[in-house]
Amino acid sequence: MRGLFTLQTLSTQKIQEIIDLALAFKGGKSSKKYPGKKMATLFFENSTRTQYSFQTAMINLGISVIGFNASASSVNKGETLYDTVRTFESLGMDGVVIRHSKDDYYKELENIKMPIFNGGDGAANHPTQSLLDLMTIYEEYGHFAGLKVCMIGDISHSRVAHGDLEIMKRLGMEVYISGPSEFNDGCAPYLTMDEAIEKCDVIMLLRVQFERHQEKMKMTVSEYHKLYGLTEERVNKMKKNAIIMHPAPINRGVEIADSVAECEKSRIYKQMTNGVFVRMAVISMVLDGNLWFY
Ligand code: CP
């Protein structure tokens, strides 16, 4: 299969190459174009950032973009994921981006020859989110090894947490988790909020994913904010050069105070900007045949 599904099978050297190309696009040092190419974005789950930054990346690369509305498609007549994707391949697409609620959905698509870019599968992977997170950290510090990062919040339902933690460890970062015990799945050592705030270079907040919860959260959102939210008081205790990240969408007043979301330490909107350049880099490398994932 061709495309990007997970970062787990990608070397740290390739990841650095993607970040370097994304920085070249951002700095205007590369202006590659792919006229005549067509790509579609097949989102079976809601998305603002991933879907539209992939589309922006395609437009920046001179690629024609085909949108897809799952609820108005033949998915509602029972068409399978495989047949939907096979249809877009038959229409002559040069690649598709897919987001789906099922973990590892791409394993059903092994007969598809056109490139597939994973825009998120269940609670498993979100590789371009991990890449844009890494690009943002690299722009800030110029390296990864030795940096301390803590993911705070709804760890167990987060594909971002699971994807980021695996690659961050391989890049030599010290990774920790924090937040309510009901969301702690043991994927990294646990820090209290006070320890995380005082110790870490990157504080990465995660959205409470109410829509994925089988059982109601044990505390109210105001209790959550008091115990685990990033408040102005906590920001004031962060290390001098530490930064705040969040994959978004953000629940202002829950995992982050409204007044903190755009403060001087926040890189949340920079992450979104970097998402366009990372996606340009990944699409470009796959279309050029410089990168075969999986
Ligand atoms: N960060 C992220 O994946 O956002 P969307 O769900 O809006 O794409």
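Read on for an overview of the structure.

1. Topic: the nonpolar core
- In terms of nonpolar packing, the biggest core is built from 55 residues, with Phe117, Met151, Met168 and Ile283 touching the most fellow members.
- Leaving out residues up to four positions away in the same chain, Met168 has contacts with Leu134, Ile137, Val149, Met151, Met173, Val175 and Met204.
- If you look at the next biggest cluster of nonpolar residues, it comprises 29 residues, including Tyr176, Phe183, Leu230 and Ile250.

2. Notes on the site of the ligand
- The ligand sits among Ser47, Thr48, Arg49, Thr50, Arg99, His126, Gln129, Pro247 and Ala248.
- Residue Ser47 places a side-chain N or O atom 2.6 Å away from an oxygen atom belonging to the ligand.
- Considering the ligand on its own, with 260 Å² of exposed area, one finds that the protein chains cover 90% of that surface.
- Split by residue class, the shell around the ligand holds two nonpolar, five polar and two charged.

3. Side note on the pattern of salt bridges
- Following the criterion strictly, the structure yields 14 salt bridges and no others.
- Lys107 is the partner of Asp104 in a salt bridge, and the nearest nitrogen-oxygen pair spans 3.7 Å.
- Judged by relative accessible area, Lys107 falls into the partly exposed class, the value being 45%.
- For Lys239, the salt bridge identified is with Asp201, shortest N-O distance 2.9 Å. Of this pair, Lys239 sits in the loop between helix H8 (232-235) and strand E9 (243-245) while Asp201 sits in the loop between helix H6 (193-199) and strand E8 (202-205), and the two are 38 residues apart along the sequence.
- Owing to a relative accessible area of 11%, Asp201 belongs among the buried residues under this scheme.
- Sharing partners across several salt bridges, the network here consists of Lys26, Glu139 and Lys270.

4. A look at the packing of helix H4 (residues 127-141) against helix H9 (residues 268-287)
- As a packed pair, H4 and H9 sit with axes 8 Å apart at the nearest point and diverge in direction by 115 degrees. Put simply, H4 runs roughly perpendicular to H9. As H4 runs across H9, the sense of the crossing is right-handed. Residues Thr128, Gln129, Leu131, Leu132, Asp133, Met135, Thr136, Glu139 and Glu140 of H4 form the contact with H9, whose own contacting residues are Lys270, Gln271, Asn274, Gly275, Phe277, Val278, Arg279 and Val282.
- Its residues assigned to classes, the contact of H4 with H9 comprises six nonpolar, six polar and five charged.

5. Concerning the environment of Asp194
- By the element assignment, Asp194 lies in helix H6.
- Assessed through its relative accessible area of 48%, Asp194 is described here as partly exposed.
- Between the C-alpha atoms of Asp194 and Arg234, which are 40 residues apart in sequence, the distance is 8.0 Å.

6. Section: the pairing of strand E5 (residues 116-121)
- Across the six residues that make up E5, a large majority, six, are buried.
- In terms of strand pairing, strand E1 (residues 3-4) meets E5 through two bridges, oriented parallel. Residue pairing across strands places Gly3 opposite Ile116, the latter belonging to E5.

7. As for the sheet that holds E1
- In space, the five strands of this open sheet follow the order E1-E5-E4-E2-E3, with parallel pairing throughout. On the outer flanks of this sheet lie E1 and strand E3 (64-66), each paired with one strand and no other.
- Bridge analysis of strand E4 (residues 95-100) against E5 gives four bridges, and the strand direction is parallel. Bridge pairing in E5 links His100 to Asp121.

8. Side note on H9
- Between its first and last C-alpha atoms H9 spans 29 Å; for 20 residues at 1.5 Å apiece the expected length is 28 Å, and the two agree.
- Helix geometry: H9 is bent most strongly at Asn274, by close to 25 degrees.
- With 16 of its 20 residues buried, H9 lies for the most part within the structure.
- Phi turns positive, to about 75 degrees, at Gly289, one or two residues after H9.

9. Focus on the packing of helix H1 (residues 12-26) against H4
- At a closest axis distance of 10 Å, the pairing of H1 and H4 adopts a crossing angle of 70 degrees. By the angle between their directions, the pair H1 and H4 is classed as roughly perpendicular. When H1 is examined against H4, the residues Ile15, Gln16, Ile18, Ile19, Asp20, Ala22, Leu23 and Lys26 are found in contact with a partner set consisting of Leu131, Leu134, Met135, Tyr138 and Glu139.
- Here the contact of H1 with H4 is composed, by residue class, of nine nonpolar, one polar and three charged.

Conventions adopted
- Residues numbered from 1 in each chain as written.
- Predicted model: local features only at pLDDT ≥ 70, side-chain atom pairs only at ≥ 80, totals over all residues.
- Heavy atoms only, no water.
- Core = buried A, V, L, I, M, F, W, Y, C linked by side-chain atoms within 4.5 Å.
- Buried < 20%, exposed > 50% of the residue type's maximum accessible area, 1.4 Å probe, protein only.
- Contact = heavy atoms within 4.5 Å.
- Near = heavy atom within 4 Å.
- Polar contact = N/O pair within 3.5 Å; in protein donor to acceptor, adjacent residues only side chain to side chain.
- Areas by Shrake-Rupley, 256 points an atom, 1.4 Å probe, with all protein chains shown as cover.
- Nonpolar A, V, L, I, M, F, W, Y, C, P; charged D, E, K, R; others polar.
- Salt bridge = Lys/Arg side-chain N within 4 Å of Asp/Glu carboxyl O.
- Helix = DSSP H or I, 4+ residues; strand = E, 2+ residues; numbered from the N terminus.
- Axes fitted to C-alpha atoms, helices over the stretch in contact; angles between N-to-C directions.
- Parallel < 35°, antiparallel > 145°, perpendicular 65-115°, else oblique.
- Left-handed = near helix turned anticlockwise from the far one by under 90°.
- Pairing = 2+ DSSP bridges.
- Expected span 1.5 Å × (residues − 1).
- Bend = angle between axes of the 7 residues up to and from the residue.

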